[in-house]
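Given next are the chains, with one letter for each unit.
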Amino acid sequence: MGKPTRSGGIKSCSGFNVINSLLERQIEKRPDKVRLHGRILFLTEDPELIKQQLAGEDLSWDTKNPANNPKLRDDISTDEITPAHYCFYFDETLGEIPYLGLKCGSVTPIGRGDVKRGGFVCAVSGKRRGKGSSREQSPYAEMCAGIRVVIAENIERIYKQNCQNLGLLTSTNFSLIDRIRSGEEISLTEFTAGEDEITRQVIEYGGLFPFNVARMQGKVFLPPVKTEKRPMTLAEKIFARHMIRTTDRVGTGAFVRPASEASVGVPAVKPGDTGFARADLRFSHEYVTPMAAIFFEHYVGKDAKVNDPSSIIFFRDHLTFLDEVISEEKKKLGLLDLATQLKLKQQDFARKQGIKLHGELADRKGSEGICHSIVLESYALPGQLNIGSDSHTPHVGAIGCVAFGIGTTDVFNSWITKDVRVNVPESVKIIIRGKKHPNVTAKDFILKILSLDYVRSGKALAKVMEYAGEAIEELSVDERATMTNMAAEIGGFTGIVAPDKKAVDFLVERRGMDRKHAAQMIEGLYSDPGAQYAHVIELDAAEITPMVATPGDPGNGKYIRELNTPVPVEIAYGGTCTAGKNEDMDMYALVLGDALKQGKRVADSVKFYIQFGSQETRDYCVRRGYLDIFRQAGAEVIEPSCGACINAGPGVSTRSDQIVISAQNRNFPGRSGPGQMYLASPLTVAASAVAGYIVEYEPSEKRELASA
């Protein structure tokens, strides 16, 4: 088993310190019967029904005739469960917060502390519960408020996994409502039915950390992956390369000794295969790192060391400009001070553990860059498996790696094990054929995909989105990153594009990598002929014209030419990980440069903000002369940060009647302020900023041809 180290741990030949205290810790499964004492909160579309429940009146519910029941809220995002500013808390104070941002019509019926005071043990909602951000504060807030079970028609992958990791039970079985109300004992198998072997045990042990301790002690069963050679999708190939072979473990237990590099990789996988996959990169930002660090120190030990700090990266990218937009009311609540504590805790943990931190700038306000932007520009490589504390981690699938978002508990567990649990997902192939219009971008493609019934109904949840077809092949890596990034909005497990010459060019030009080496890296990274897909979506690029997603949800897509009346805008925002890349800046500069040639500027009625995704992109703009174009045209340029996208920087709305057009990825209620947000491409955002209302960008050559 290896020799004891000075720290008292056990060191294997793979260099992993196993903490003796964990190997000796008493770990038991939770009881196999559950009895819940408390009320059920139905999150309905009607705010008055919610208010009645908060006032103490139990809502009648007919489980046998669902059509008789009030309509439940669909698409409840984690932004609505725990609004961004309240995620600065990372303790049981979060129990006062759940559903504070829940919007029913134009009403937010739930106040601070209402759920906790109401004595609720179960919360019920409709389709796609927990969509959006990977913030584990959401299920943690529900738990701290007394919620023990979440029931919904279907549940988003990251949110569901976060619930399981924390020990919060989830179900799509509405018949449980009657049994909970009657105080009946319910078998734990009701909540493990249909789950894979590992997830079942995570639920039985009451969460991921106790399961992992049991795993180290050899108490759990890890089913070996026995899939024989078969045609595989690109994502399946990458999973196969990274799955840990349980049969190669030394010792009698499943995790007595961590896997060496030689015991990583299996011949093949298929959807439904479960196990643990070795992560090449693990990253987190200041919204998540502090909570993960506190969990790590509490559950593992104050002096415990993370496993392989060289493959962990921290980022200070979310809250750099918070002080410029946070309200006086929130300041009085101490939220700005809490946000500062997040920064300091991350800095301290990084220093203590020897982890690379991409932090704030020393000479001016702003950050080095958004985590996804920097990971794509500087770290991720084709064929890797990367995990990050953000739902937009799939961003780097643009160069052909499997990357997916995880929650706080997964983050701190990965610091111990260097791996992540995986249930190999099915893949959906999205083929976009033909040639796109000059004023159509990757953002228009993804907004079109998000509007499809297959996606809106939740059928794409937890699946890999593999993008292909001539129109995708024509996209640059930056534009492909928009597609893979917004697999998060689809609710997919990840997004990926097979790496090709453009990926090689990206690695050579942006990383300075040797071309021969880069070309070798992409060998074999394609889907095999005969690979199986859960579904295939085919679109014709020629049929897609510039789109917007109307306020409330990224899935509310429609063509701009279908807007019945002109929509005046007050704020235009171009930035975030999705739209703060080099090619996005090319688009803003193209439109504004075109406007300047015609003697136009940003409309007097509009504030147009352009925010870089990274310092590398800022330097690119300096080299190209874009900063002069932006300023001459009347746009305000901002240093890198997530900023307005999470209600934490310039570009947020401040009034409910404000109309915003944004190139970011989400427009959930309250996500970026109280206003009405339309999502659109960088071209559309810039053109609308100049026009003063939402318009398609019309390239100048097209206009000249028309006038001739």
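In what follows, the accompanying structure is described.

About the cut-offs
Residues numbered from 1 in each chain as written. Predicted model: local features only at pLDDT ≥ 70, side-chain atom pairs only at ≥ 80, totals over all residues. Heavy atoms only, no water. Helix = DSSP H or I, 4+ residues; strand = E, 2+ residues; numbered from the N terminus. Rg over C-alpha atoms; globule rule 2.2 N^0.38 Å. Buried < 20%, exposed > 50% of the residue type's maximum accessible area, 1.4 Å probe, protein only. Contact = heavy atoms within 4.5 Å. Areas by Shrake-Rupley, 256 points an atom, 1.4 Å probe, with all protein chains shown as cover. Lys, Arg positive; Asp, Glu negative; His and termini not counted. Charge placed at Lys NZ, Arg CZ, Asp CG, Glu CD. 1 Å grid on protein atoms, 1.4 Å probe; cavity = no way out; pocket = protein on both sides within 12 Å on 5 of 7 lines; lining within 4 Å. Points joined across faces, edges and corners; volume = space filled by probe spheres on them. Nonpolar A, V, L, I, M, F, W, Y, C, P; charged D, E, K, R; others polar. Salt bridge = Lys/Arg side-chain N within 4 Å of Asp/Glu carboxyl O. Pairing = 2+ DSSP bridges. Axes fitted to C-alpha atoms, helices over the stretch in contact; angles between N-to-C directions. Parallel < 35°, antiparallel > 145°, perpendicular 65-115°, else oblique.

1. As for the overall build of the protein chain
Here is step 1: Summing up its helical and strand segments, the protein chain has 29 helices and 27 strands in all.
Here is step 2: Relative to its length of 708 residues, the protein chain is compact, with a C-alpha radius of gyration of 25 Å against a globular reference of 27 Å.
Here is step 3: For the protein chain, the C-alpha atoms occupy an extent of roughly 80 × 65 × 50 Å along the three principal directions.
Here is step 4: Burial status across the protein chain gives 63% buried among its 708 residues.
Here is step 5: A separation threshold of at least 6 residues defines the contact pool for the protein chain, and within that pool the share at least 24 residues apart is 75%.
Here is step 6: When the accessible surface of the protein chain is split by element, carbon and sulfur atoms take 48% of a total near 25800 Å².
Here is step 7: Charge separation in the protein chain, taken as the distance between the mean sites of 88 positive and 90 negative side-chain charges, equals 3 Å.

2. Topic: empty space enclosed by the protein
Rolled over the atoms, a probe as big as a water molecule pinpoints where empty space is left.
Here is step 1: Going through the model one piece at a time under the given rule, you end up with six cavities of 30 Å³ or more.
Here is step 2: Its boundaries defined by the atoms lining it, the largest cavity holds a volume of some 230 Å³.
Here is step 3: Around the largest cavity, the lining comprises 21 residues; the ones closest to its centre are Ser133, His318, Asp390, Ile646 and Arg671.
Here is step 4: Considered class by class, the residues forming the lining of the largest cavity number seven nonpolar, 10 polar and four charged.

3. Some details on the pattern of salt bridges
Here is step 1: Scanning all chains against the criterion turns up 53 salt bridges.
Here is step 2: Arg73 is paired through a salt bridge with Glu80; the nearest N and O atoms lie 2.9 Å apart. As far as the burial class goes, Arg73 and Glu80 line up, both buried.
Here is step 3: Glu297 is paired through a salt bridge with Lys345; the nearest N and O atoms lie 2.9 Å apart. Here Glu297 is found in helix α12 (residues 289-299), whereas its partner Lys345 is found in helix α14 (residues 335-353), with 48 residues between them in sequence. Both residues of the pair, Glu297 and Lys345, count as buried.

4. Focus: the sheet that holds strand β18 (residues 464-468)
Here is step 1: One open sheet accounts for four strands, arranged β19-β18-β17-β20; its pairing is parallel. Unpaired on one side and paired on the other, β19 (494-497) and β20 (535-540) mark the two borders of the sheet. Neighbour-to-neighbour, the strand axes of this sheet turn through a mean angle of 20 degrees, independent of strand direction.
Here is step 2: Bridge analysis of strand β17 (residues 427-433) against β20 gives six bridges, and the strand direction is parallel. Within β20, the position partnered with Val428 by the bridge is His535.
Here is step 3: Against the sheet, helix α20 (residues 477-485) makes contact with β17, β18 and β19, and its axis sits at roughly 150 degrees relative to β19, the strand it touches most.

5. A look at the sheet that holds strand β5 (residues 39-42)
Here is step 1: Spatially, the four strands line up as an open sheet ordered β5-β6-β7-β8, and their pairing is parallel. Both outer strands of the open sheet, β5 and β8 (169-171), are each paired with one neighbouring strand and no more. For this sheet, the mean angle separating the axes of adjacent strands, direction not counted, is 20 degrees.
Here is step 2: Of the strands in this sheet, β5 and β6 (120-124) are in contact with helix α2 (residues 47-54), which crosses β5 at around 160 degrees.

6. Thoughts on the packing of α20 against helix α22 (residues 501-511)
Here is step 1: Taken N-terminus to C-terminus, the directions of α20 and α22 make an angle of 115 degrees; their axes are 10 Å apart at the nearest point. Taken together, the axes of α20 and α22 are roughly perpendicular relative to one another. Contacts between α20 and α22 pair Val477, Asp478 and Arg480 from the former with Lys502, Ala503, Phe506 and Arg510 from the latter.
Here is step 2: Grouping the amino acids of the contact of α20 with α22 by side-chain chemistry returns three nonpolar, no polar and four charged.

7. Side note on the pairing of β6
Here is step 1: By the criterion of burial, β6 is predominantly enclosed, with five of the five residues buried.
Here is step 2: With three bridges joining them, β6 and strand β7 (residues 149-151) adopt parallel strand pairing. Note on β7: the bridge partner recorded for Val124 is Ile151.

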